[in-house]
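Here are the chains, one letter per residue:
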Amino acid sequence: MSVAYARQAEWGIPQLYLLPAAKLNPFLEELKEYYTVIGPVARGKEFVFAPVAKPEELALSYQTTLLPPKKVLHLPFEVLFSFHEDQQIVETAPEQRPQVIFGIHPCDVRAILILDKAYTAEYPDPYYIAKRRHTLLVALNCAEPGENCFCQSLGTGPDLKEGYDLLLTDLGHGYLIEVGSPWGRELVQTMDLAPAPRVAMVEKQKVLENARRKFHKKLNTQGLPELLEENFRHPIWEELMHDCLACGSCTMVCPTCFCYNVVDKIDLNLKSGKRQREWDSCMLLEYAQVALGHNFRKDRDARVKQRIYHKLVYYEPQFSTLGCVGCGRCIKTCVKKIDITDVISRLRGE
Amino acid sequence: MSKPRVAVYKMSSCAGCQLEILNLEPILLDLLGTVELSYFVMARRENEPGPYDIGLVEGAITCGEEIERLKKARQECHLLVALGSCACYGGLPSIKNWQPQRVVESRVYDNLAAIHSTTAYGIDYYVPVDAYLKGCPVSREELLDFIKSTLLGVRPYLRPHSVCVECKLHENVCLFVTDGAICLGPVTTAGCGALCPSRGKPCDGCRGPANDANTVSLAQTMVSYGLHHSDIARYFRKFAGMTPEFSKGAEAV
Ligand code: SF4
Ligand code: SF4
Ligand code: SF4
Ligand code: SF4
């Protein structure tokens, strides 16, 4: 069964609670008793998802993080098992302590729902599933979209309708909490919270209305597959071939990219070792190289196209959704400022 | 089975890559349980004659005498490995290649009579090379991986892609896009674990061009950051200016 998610289905109408601002830290302390809490914390001028040691570290007013929270479910480096010459294979024991991803934005939740399909449907990935089972999502609606965000165009933000255990909205004086699963309900029940007054929902809508007006970027999804199919040969691709550095950063930071490479690390005795995987990327030249050296995507334009077509065309038949959630990380991270929204609007002749 | 015999040769270099072999100290004894370091002038008083199974050549080739020693090394080694950036493509010694030989020599030596320096090249300019272990200095981790893979007869995993990939895997703040620093990471071969950016210093390109390095595009970005073309040339020539890719970058603007 897919991990995403029976628990949603059993659960109907959201229940509303109010978490006064002053109660946020005690709430986190309480959570930390039972869960590893992973949330946005500052790293230099940027933010990263990391275990929250003290509630004060949590930076809920972040706009985006360097790597998406996917990194705690599908690790950048992950030891799958260790092995020994005499055929012994020892699987890495999955972490048993449950974890909460706290303050995850709607786009990143939507990305995890896509990963759920990719990693649990056709070829269930035991490593992903083991972690996903023990992971709660306490989401946070976006009040301040960043300059590269365009989730609004894709319906993946700034608000969230599914996929969360709890959903927070910052109302200024406190957080409106919506319950999205029985697990989420358990969480709030331990906390002795007051139910939210009805007016809190009105306040929430105001926060979101306000957020919606602040988007700088958009991606028009009308007839996207047709647009891209018609423009497989368009001068823009050649331009991108000259521009793109093939550095792979855009795919490394994408919350919906799920490719990985598998490498064996042998011990010096040459008899034992471990098998590990790490993120891989279709933007890299060696990715599409096969035996005898043939490479299916030798040219950079072919790889740039693959990235964009995969996100905007090929995901749909496989996962019934686009593969881009509009988080804007690929735009932000690109030294050449190559911008997927700009590519689409130029293909439209805008 | 007898242990594979390894030889370490030094050409024009700072000996930093050889030092990295010695820096393997905590596991050197384990390593010596696996291979025989038969010829290693820096570390042994007595050295054994060839043939050897693996030859690690450190340093660029900058004079006739080294060409001869290199050819001999090629003959006595089954596998010949370029150890470090100098041996791979000229490395730091190659910064002299863009000035007249005599000018460079006179900066260093008072008496030029005995100096017969030539253009600094990586070793594959003169002999066929079986593997390239890049880096200034070479990465210990990669060197070990290479030795283990060779002993097992499997292809070693030498990252061909950009330093940015490893930088991202470690979730570093990008010095280029966040701090506006010039970083050669996007066009440089990974394998060092993004050593420099992980410590807040932009990549200097010591590992040379990645497998699809678009140096021309990076040079254009450097111009937009206000760099003069002579600075851009210096960036690309510091370690690997003799490679076609970095030389294109140096001359792009
Ligand atoms: S981050 Fe930019 S330059 Fe690097 S591979 Fe992606 S599109 Fe190309
Ligand atoms: S393609 Fe870019 S904007 Fe879309 S989800 Fe990936 S990183 Fe975010
Ligand atoms: S700091 Fe340098 S190596 Fe790291 S991602 Fe940025 S450009 Fe690439
Ligand atoms: S980051 Fe760049 S300069 Fe530093 S060790 Fe790696 S390749 Fe060399």
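The preceding data block contains the structure.
Summary of the structure given here. As the structure is a prediction and not an experimental result, all values here were calculated from the model.

1. What to know about the interface of chain B and chain A
Turning to step 1, where the next piece is worked out: With 33 residues of chain B at the interface, the matching set in chain A holds 39 residues.
Turning to step 2, where the next piece is worked out: When chain B packs against chain A, close to 3200 Å² is buried across both sides, 58% of that on carbon and sulfur atoms.
Turning to step 3, where the next piece is worked out: Interface area lost by chain B to chain A is led by Lys168(B), Leu169(B) and Glu171(B), which between them contribute 23%.
Turning to step 4, where the next piece is worked out: Our count for the chain B to chain A interface comes out at 20 residue pairs in polar contact (both at pLDDT 80 or more).
Turning to step 5, where the next piece is worked out: Looking at the side of chain B that touches chain A residue by residue, the classes come out as 14 nonpolar, 11 polar and 8 charged.

2. Overview of the side chain of Arg329(A)
Residue and element names in this part refer to chain A.
Turning to step 1, where the next piece is worked out: Mapped onto the secondary structure, Arg 329 falls in helix 12 (residues 329-333).
Turning to step 2, where the next piece is worked out: You can call Arg 329 buried: its relative accessible area is 4%.
Turning to step 3, where the next piece is worked out: A distance of 3.5 Å separates the side chain of Arg 329 from the side chain of Thr 64, its partner in a polar contact.

3. Quick notes on helix 2 (residues 24-34) of chain A
Residue and element names in this part refer to chain A.
Turning to step 1, where the next piece is worked out: The set of residues buried in helix 2 consists of Leu 24, Phe 27, Leu 28 and Leu 31. Down the axis of helix 2, the smallest arc covering the buried residues is 95°, so these residues share one side.
Turning to step 2, where the next piece is worked out: Summarising the contacts, the buried residues of helix 2 are in contact with strand 1 (16-20), strand 2 (36-43), strand 6 (99-104), strand 8 (166-170), strand 9 (174-179) and helix 6 (182-189).

4. Concerning the sheet that holds strand 3 (residues 46-51) of chain A
Residue and element names in this part refer to chain A.
Turning to step 1, where the next piece is worked out: Reading across from one edge, 3-2-6-7-8-9-1-10 is the order of the 8 strands in this open sheet, with mixed pairing throughout. Both edges of this open sheet fall to strand 3 and strand 10 (194-195), since each of them pairs with a single strand only.
Turning to step 2, where the next piece is worked out: Sheet topology places strand 6 next to strand 7 (residues 135-140); 5 bridges connect them, and they run parallel. Counterpart to Ile 104 in the pairing with strand 7 is Ala 139.
Turning to step 3, where the next piece is worked out: Strands strand 6 and strand 7 of the sheet are contacted by helix 3 (residues 106-120), whose axis makes an angle of about 135° with strand 6.

5. Section: the layout of surface pockets
Turning to step 1, where the next piece is worked out: Its boundaries defined by the atoms lining it, the largest pocket holds a volume of some 1000 Å³.
Turning to step 2, where the next piece is worked out: At the level of secondary structure, the elements contributing two or more residues to the lining of the largest pocket comprise strand 11 (260-266) and strand 12 (272-279) of chain A together with helix 6 (140-152) of chain B.
Turning to step 3, where the next piece is worked out: In this model, the second largest pocket occupies a volume close to 590 Å³.
Turning to step 4, where the next piece is worked out: Taken together, the elements giving at least two residues each to the lining of the second largest pocket come down to strand 11 of chain A together with helix 6 of chain B.
Turning to step 5, where the next piece is worked out: Looking at the lining of the second largest pocket element by element, the count peaks at 5 residues for helix 6 of chain B.
Turning to step 6, where the next piece is worked out: Here the lining of the second largest pocket is composed, by residue class, of 15 nonpolar, 5 polar and 11 charged.
Turning to step 7, where the next piece is worked out: Counting residues domain by domain, the lining of the second largest pocket receives three or more from each of domain 1 (5-152) and domain 2 (163-252) of chain B.

Calculation notes
- Residues numbered from 1 in each chain as written.
- Chains lettered and ligands numbered in written order.
- Predicted model: local features only at pLDDT ≥ 70, side-chain atom pairs only at ≥ 80, totals over all residues.
- Heavy atoms only, no water.
- Contact = heavy atoms within 4.5 Å.
- Buried area = accessible area lost by both parts, 1.4 Å probe.
- Polar contact = N/O pair within 3.5 Å; in protein donor to acceptor, adjacent residues only side chain to side chain.
- Nonpolar A, V, L, I, M, F, W, Y, C, P; charged D, E, K, R; others polar.
- Helix = DSSP H or I, 4+ residues; strand = E, 2+ residues; numbered from the N terminus.
- Buried < 20%, exposed > 50% of the residue type's maximum accessible area, 1.4 Å probe, protein only.
- Arc of directions from axis to C-beta.
- Pairing = 2+ DSSP bridges.
- Axes fitted to C-alpha atoms, helices over the stretch in contact; angles between N-to-C directions.
- 1 Å grid on protein atoms, 1.4 Å probe; cavity = no way out; pocket = protein on both sides within 12 Å on 5 of 7 lines; lining within 4 Å.
- Points joined across faces, edges and corners; volume = space filled by probe spheres on them.
- Domains from an automatic or database assignment.

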